Structures are given as structure tokens and as C-alpha cells.
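# A look at the structure
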Amino acid sequence: MAQPAKIQLRTGSAAPPGGQRFFAFLRSLLRRPTHAFGTGVFVLFLLLAVFGPMLAPYGVNQQIVAEARQAPSAAHWFGTDRLGRDVFSRVLLGAADIFALAGLGTLLAVTIGTSLGLLSGYRGGWFDELLMRFFDSLLALPALLLALLLLGTLGPSQSSVLLVIVVVYIPIVARVVRSVVLSVKTRAYIEAARVQGESSARILFREILPAVLPALAVEAALRFSYAIFLASSLGYLGVGVQPPSPDWGLMVFEARGTVSQTPWALYFPAAAISLLVISVNLMADGLKRVFQVNLEP
Amino acid sequence: MKPWLKFTQPLFLVVTASLLLAACASTAPAPSETGEGTLRVAFQSLVQTDPALISSDSEVLVANAVYDYLVDIDPLSNQPIPRLAREWQISEDGLTYTFTLVEGVTFHDGNLLSAADVVWTFNRLRDPAAEYATASLYENIASIEATGTLEVTFTLTSPNPFFLYDLSDNHALIIKDGTEDATDFNGSGPFVVENYSAEDRIILSANPDYFVEGQPGVSHVEIIFFADETAMVDALRGGQVDLVLRMSTPLFESLQDVAGIQTMAIPTNGFDLVRLRADREPGSDPRVIQAMKLATDREAIFELVQQGYGAIGNDSPIGPLYEAYFDPSVQPPARDVEAARALLAEAGYEDGLDLTLHTPNTGGRPDLAAVLKEQWAEAGINIEISVEPEEVYYGENGWLEVDLGITGWGSRPYPQFYLDTMLVSEAIWNEAHFSDGEFDSLAETAGTTLDEVERVEAYSQIQALLAERGPVIIPYYFPQFGAISDLFSGFQLEAFAGRTDLHTIRLK
């Protein structure tokens, strides 16, 4: 299990050692080639998401009638799709969308899930029982099925997909956090804090949370990769983000009907999904090793 | 010029270049007298086999091979032609139709076909208690009588200039008088059902007693059931089947220049329409739909969504397929974004107009929505697209409720159907909630007059009226696609693919 003493993030503001620690962390993360690859590709995608709008040679829905259905060329690196749109520009601009959707969804799910997990694990009793049984009932359904059920009720839109990601991942995050809390809360230093008369809130956020952070970082990275996958799957099923959004899953879905004519319009967004999901997973693997976290129950 | 641009001609056969060369190089041998060989067709499986209940293309294809229609429609001229009825007379007042049947036609069980069978068939189809889809179609029939062994007389309550087309409705296949089980395949048609396995295929053999000399052209037909279009086309490419009807444009494109396969594309009168509700804001101001028409680039839509197949539309359901009724001089206004903007401003939307465009998730409809979104945005019409499964779009009549929607309409052999069910004030599917006194009276004239010249004139005026102030944008008419192995000849695709005659196809 994690060693809380080693991860004193709360003292990070105390300048020089903080910077050094970050570089030590980075060196350790990048030590293995697979982890370095994952992190590198992830950072690259992040940069593309941020600077995509400046780099894209064409508008996201700009339709060039005369250049429809063209194979990849110097003018159109990834070719053009059936409606004369530049696939490279769309993949590039879709990166920002997927980061916003999956990133924001993961952030919300992690924040809410962590709060609930901390509370549930620390307080125990009927609150813990009730919340965990409810989460168990949600987890009993496959994530995609739960997502489809929710979308069927909410109707397809970007905010619905965001909500679905949050709802599907809160129970998972909460469970992970709770299990760490349970193993930490009986330790002597928590006892000591309690004896000192510290408030519950202070114990939760200043004593227990730091112990949870390593596991949380890994979990957040994994959730992020699954969120990308979930958002793309929903796009592919046509129940998520609505056209003409450059959502990668939606692009694959739309290009499916014309795959005999414009295979490139299908392959490039599909490759982008795979590459990003793999890279985030590899990075999560690296984080796991650096933090020496064991997420297996 | 790209080959598909020629497609605006009424009928255009697309044949692969290699085939054209082959056809020029050698003269085709004369067709054999007795049909031989097996034609293998890939199509969807059958759900219904009772002629009164069939609806899908594959169901109609089988029925058209096993049974006969009284009157058929010629795929090239779109005119009624004889089938079981050898000839017919229509009374001066247009109320009495007398048909003379072909002599010596037998059902597959050996019984002779007579006028009683025709009477029985149509009485069954129009029986209100049976609730068949044809009941309302034949409401106008007052009586059907056998006025001879081979003579049937239909009497109508009011004149119907399209009655012969109604008699050729997909369901109007003649079955034996008193048939108890109409799924018994006991027709008089060119093929006899040999074996039907609902999950796999239906095997037909040539009817040796068929009344048309030299037909059918092959000794056996196998209709093999496929669930997926791509698989059908792959089977054709691999030589496992010989004929594929109906496919998407990309799949059709992928068959061009494939050795051993000839492809055929014909225009139909099916179309997608974009319509704005005319009975409430913002559509109640006619300038809004006008602005939408002005903001629409039809050529770009035709090229992107239809890939140049079919024909460009002129905002009227009377397409070029109805040669005499179609008025090519009527054109919607050319694209003019500035004029569209100005009209919107006049209508009070100088800061732009925000609307949701609802569309079913089938065919090219989502693509049409995506293209319109871009085109209209230039004129300040901002649309959010809502792509919905068909059961959601059409469910609980939601499509009749929304302001802005895209709806697909299938091809019909005559245009009056669209006017009466979609555009007149009282139409059951008046999705645009359009109500225009002048239009209603023109539609009434066209649908009842027995004077062909008057009808042509009414249809022409209707097209002009719709281009000017109609509530719909019809950007294109669909094509119909088919592809057949070049070992066969005599294939003529129909706009409704299921009505394609298998009995004229033969081995070269």
C-alpha cells in the first residue's frame, strides 16, 4: 500500500524541493520505454487538442464540393470524406472535443467519487452500507448498457454524454477510494490525529486524502482512457454527440457506410481513438509503478 | 463531362466500359426459345407471403414471379400495359372499366383462371372488415362483376384517371377464387415455388404452362436471403449470386468497372424533402421558407449527398420520371445568400434564426442535414441537427409536430398520391401544415379531370406554385441501383426494385 509520508503534496508550495521532486517523478515515469511512449503520445494529443484550432488547415465542417472523396494527398493529409470535409482537420479538431468531454467527465466523476468514497469509508455504518449497495446495483450493469439506458432517457447531446460519463464512473472511483480509506483509517497516525482532537473534515482531507492520492492518480488516468472509449462508443452507436460534430466515434460511424469509397475517413479517426486510449493506459501503468499502487482488490 | 451528369435524362443505363466494348465487338446470340440456367438473386428474407400483406421489395419480387397482376406498368414508359388483362375499355364518363382476360391461363394447381378469380381477388383486397392496406385505395370502387367467363367490369363511384395504376398496386396479384390460405403460392405466374426455407432461400422453377411465349427465360431462380447489403454485393463480386437489387451509392460505385458485372441505375420519383411548418412561427411568414430556398445550394447537395446519381429536385413532388406531367421550365430560385439574408431581416430575423432540424438516421438524410447546416449558416439560419432512429422520428406522429424536419418519400407510379397525402389542406400526412386554397383546387382538378391536357396544365401550375411559395424543399430525386452478372440479358430494373421482372432475364 501507499506510504503517505512519501507523498507530502500539501507542502508542495515550499519551492525548491517541489520542483526537484517533480523532475524525479518525471524521470521515474519515463524510465521504461513503454511508459515514456504512452506519456509522450498523451502529451502530444494534449498539445494537439490545445493548438488544433490554430493548426487545422480547413474548417471543421468546411465542405469542398470539388474535392469530395479524395484519397490522402499533400493537400489533404488524411484525405476528404464523402461530404468533401478534410479528415485531418476534423481529427485534429475532434481531439479538443474528446479531451473536453472525457476530461471534464473524468474530473467530475473523480471529484464526486472521491468525496463520496472518503465519507463512506471513514464514517462507515448505515451510510456506507446504503451507498455501497446502491453503487453495487449500478456496477452490476455493464457500463455501456447503463450509458444507453441513461441516454435513452436524456436524449442524445453533448451534455448528456458528459452526465453519462460522470454517473457511470462515480461508483467505480468511490469504491477504489473507499478501499484505500478503510486500510488507512486504522493506522496509528490517524488515531493520533483523532486523539489530538482534530476535526473529522481535517482528518479526512489533510490526513487521509494524501494517502489516497497515488491510487487516485492511477484510477483517474484509467477512467480517462475508459471515458474516451465510452464517449467514442456512444458516438459510434449514434446515440451520443450529434452530427456534424467531429467526434471520432461519430466519424467512424458515419464513414462506415462509405468504407468502400473513403476508407481513410474511417481509419484515421479509429486510429486516433486507439492511439490515445493505448497511450493513456500505458501512462497509467507508469503511474502505477511510480506510486507503487496496487489497484487489484 | 462526368457520366452521371447525363443522368437527368429519363432513363439512363450505366454499363461498365468493358462491357460496352464487349458489346460492340461481338453481336449477341439470339435468345434461346426455352429458358435454361439458374438465376441466383441476393435479397432480404421474406416476412409476408400473402399477396395482400406483402410490402418489402423481396416479398414483392417473389410475388411478382409467382403470381400475375391484372395490369402491369411498363418500367420504361411508366404506362399501364396488359398482363392477365389482354385489353380493356373505359367508358366515356370514366366510371366503367371492362377488362378482357387472356384465354387458357392456369394456376399452378392446374385450375383454369377465369373472371371469377379476378372478382374474388379484388373483393378480398377492398373488404373493409379485412383491414388490408388496399381497402382505402379501392374505396372508390362501387362494384366488380364477372360479365363473362373472361370479362370483368369495374364500376367506380367517381372518375379516377389513375385507376389502372391502382389496379397494378403491389398487392393486386390475382389469386384463385375461394383461396383459404393465401400463402399457398398458388399463382398463375411465370415461376412455381419448389422449395421455401424461411431462413435460407426460396427456390423457383419455370412454369412450363406460362401463357407468355418464351417466358420465363431461365429454368430456375434461387432467391438467397441476406441480412446485409455489403454481404450481397460481396457475394455478387465473388460469383455466389448473379443479381443484386437496391444498394447504397458507395456500394454501387464500388461495382463500377468490375469485370463480369453490369450495373444499372435508373431515376425514380422517390425523394427526401425538407419542410418547414407553415402554420406557426417562424414558418407562418412565407419569407422564411423563401430564405431557406435561396440559401440552399442544390448542385452541391446533389454532388455530395447523392454523388451525382438521380436528378436534381425543383421543390415539387412531380419529378422528371412523370415525363408528361413534369415541367422542366419551373426552377426554384438560384442560390443567393445575400437575398436570403435580406428576406430574413424583412421577416424580423436580422440577427439570425435558430432552429432544430429533425432527421431520421437512415439513408442520406443525416448527410443532407449536415450539408444544409453549413449552407444555411452563411445566410444566418443556424440549425442544430437531431438525428433520430426512424421509430423515434415517426413515432407518436412526432414528425408531423416538429417545425423543421427531413422526411423520405418513396417512388410512386403517378404523382397525385403525393399531393393528396402530403400537401392539400386536409392531407393525412400534411407534415408542413400547408393550406393554400389555390393549391387545393389545382390538386382537385388534376386528380379528377378526365381531360389529359387539363391535368398536364394543372400539374404545371402546381409545380410553379410550389417553387414559388411551397413549404417544402426537394433537393433531389433518388436513383435505383441494380447489378447483374454479364452472363445474363433481359434485365430491366424498376423504380420499386421489387417489381423488377425476373421472367424476362435469360442466359446470353
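Residues numbered from 1 in each chain as written. Chains lettered and ligands numbered in written order. Predicted model: local features only at pLDDT ≥ 70, side-chain atom pairs only at ≥ 80, totals over all residues.

### What to know about the overall build of chain A
When its secondary structure is counted, chain A shows 10 helices and zero strands. The N-to-C order of helical and strand elements in chain A reads α-α-α-α-α-α-α-α-α-α. For chain A, the spread of C-alpha atoms along the three principal axes comes to 75 × 45 × 25 Å. The proportion of buried residues among the 297 residues of chain A is 45%. Counting only contacts in chain A whose residues sit at least 6 apart along the sequence, the fraction spanning at least 24 positions is 71%. (Helix = DSSP H or I, 4+ residues; strand = E, 2+ residues; numbered from the N terminus. Buried ≥ 20, exposed ≤ 12 C-beta atoms within 10 Å, placed from the backbone. Contact = placed C-beta atoms within 7 Å.)

### Considering the overall build of chain B
Broken down by element type, chain B carries 15 helices and 19 strands. Expected size for 508 residues packed as a compact globule is a radius of gyration near 23 Å; at 24 Å, chain B falls within 12% of this value. In terms of overall dimensions, chain B has a C-alpha envelope of 75 × 55 × 40 Å along the principal axes. Buried positions account for 46% of the 508 residues belonging to chain B. (Rg over C-alpha atoms; globule rule 2.2 N^0.38 Å.)

### Section: the sheet that holds strand β4 (residues 85-90) of chain B
All names here are of chain B. Reading across the sheet, the four strands line up as β4-β5-β7-β6 and stay open at both edges, with antiparallel pairing between neighbours. One side of each edge strand has no neighbouring strand; the edge strands of this open sheet are β4 and β6 (141-148). Ignoring which end each strand starts from, the neighbouring axes of this sheet average 20° apart. Inspection of the sheet shows strand β5 (residues 96-101) paired to strand β7 (residues 151-156) by five bridges, in the antiparallel sense. Looking at the pairing, threonine 96 lines up with threonine 155 of β7. The sheet contacts of helix α3 (residues 115-126) involve β5, β6 and β7, and relative to β6 the element is tilted by about 165°. (Pairing = 2+ DSSP bridges. Axes fitted to C-alpha atoms, helices over the stretch in contact; angles between N-to-C directions.)

### Side note on the packing of helix α14 (residues 437-448) of chain B against helix α15 (residues 452-469) of chain B
Residues and elements named next belong to chain B. Contact geometry of α14 with α15 gives a least axis separation of 8 Å together with a crossing angle of 150°. In terms of axis orientation, α14 runs roughly antiparallel to α15. Seen along the crossing, α14 lies across α15 with a hand that is left-handed. Where α14 abuts α15, its residues Glu438, Phe439, Leu442, Ala443, Thr445 and Ala446 lie against Glu454, Arg455, Ala458, Tyr459, Gln461, Ile462 and Leu465. (Parallel < 35°, antiparallel > 145°, perpendicular 65-115°, else oblique. Left-handed = near helix turned anticlockwise from the far one by under 90°.)

### Examining the pairing of strand β14 (residues 353-360) of chain B
All names here are of chain B. Here β14 pairs with strand β15 (residues 381-388) via eight bridges, running parallel. Each bridged residue has a counterpart across the sheet, and for histidine 358 the counterpart in β15 is serine 386. The β-α-β motif built from β14, the intervening helix α10 (residues 365-377) and the parallel element β15 has right-handed crossover chirality. (Right-handed = clockwise from strand over helix to strand, strands pointing away.)

### Re the interface of chain A and chain B
On the side of chain B, 18 residues touch chain A, which itself brings 15 residues to the contact. Grouping the constituent residues of the side of chain A that touches chain B by class yields five nonpolar, nine polar and one charged. (Nonpolar A, V, L, I, M, F, W, Y, C, P; charged D, E, K, R; others polar.)

### Remarks on the packing of helix α3 (residues 87-123) of chain A against helix α10 (residues 264-291) of chain A
Residue and element names in this part refer to chain A. As a packed pair, α3 and α10 sit with axes 10 Å apart at the nearest point and diverge in direction by 25°. With respect to α10, the element α3 is oriented roughly parallel. The two elements α3 and α10 cross, and the hand of that crossing is right-handed. Residue-level contacts link Val87, Val91 and Gly94 of α3 to Trp264, Ala265, Phe268, Pro269 and Ala272 of α10. Classifying every residue of the contact of α3 with α10 by side-chain character gives seven nonpolar, one polar and no charged.

### Comments concerning helix α2 (residues 33-55) of chain A
All names here are of chain A. Taking 1.5 Å per residue as the helical rise, α2 with its 23 residues ought to reach 33 Å, whereas the 29 Å between its terminal C-alpha atoms falls clearly short. Of all the bends in α2, the greatest, near 45°, is centred on alanine 49, and the proline proline 53 appears no more than four residues after it. By the burial criterion, the buried members of α2 are His35, Gly38, Phe42, Phe45, Leu48, Ala49 and Gly52. (Expected span 1.5 Å × (residues − 1). Bend = angle between axes of the 7 residues up to and from the residue.)

### Focus on the domain arrangement of chain B
Once the domains are mapped, chain B shows domain 1 (9-30 + 68-181), domain 2 (32-67 + 189-266 + 481-508) and domain 3 (271-477). Using only C-alpha atoms to locate each centre, domain 1 of chain B and domain 2 of chain B end up separated by 21 Å. (Domains from an automatic or database assignment.)

### Comments concerning the nonpolar core
Counting 81 residues, the largest nonpolar core has Ile165 and Ala231 of chain A as the members making the most contacts within it. Residue assignment for this core shows that the elements contributing at least two residues are α2, α3, α6 (158-184), α8 (200-236), α9 (248-256) and α10 of chain A. Element by element, the count of residues in this core is highest for α8 of chain A, at 20 residues. Residues contacting alanine 231 of chain A, with those up to four places away along its chain left out, are Ile98, Leu101, Ala102, Val161, Ile165, Gly240 and Gly249 of chain A. Counting 77 residues, the second-largest nonpolar core is a separate cluster that includes Phe122, Val192, Ile202 and Leu243 of chain B. (Core = buried A, V, L, I, M, F, W, Y, C linked by C-beta atoms within 7 Å.)

### Some details on the confidence of the model for chain B
All names here are of chain B. Chain-level statistics for chain B give a pLDDT mean of 90 and a share of 93% at 70 or above. Scored below 50 in pLDDT, residues 1-33 makes 38 contacts in the model with residues more than four places away or belonging to other chains. As a predicted assembly, this complex carries a pTM of 0.84 together with an ipTM value of 0.82. (pLDDT = per-residue confidence, 0-100.)

### Focus on helix α9 (residues 337-346) of chain B
Residue and element names in this part refer to chain B. Residues of α9 that are buried: Ala340, Arg341, Leu343 and Leu344. Considered in projection along α9, the buried side chains sweep an arc of 165° and stay on one side of the axis. For α9, the elements touching its buried residues are α7 (286-295) and β14. Taken from the residues just after α9, glycine 348 is the one with a positive phi, measuring 100°. (Arc of directions from axis to C-beta.)

### Section: the confidence of the model for chain A
Residues and elements named next belong to chain A. Looking at chain A, pLDDT values average 89 and 92% of them are 70 or higher. Per-element averaging of pLDDT across chain A places helix α1 (residues 16-29) at the bottom with 80 and α3 at the top with 95. In this model, residues 1-15 is a region of pLDDT below 50 whose contacts with residues beyond four sequence positions or in other chains number 16 contacts.

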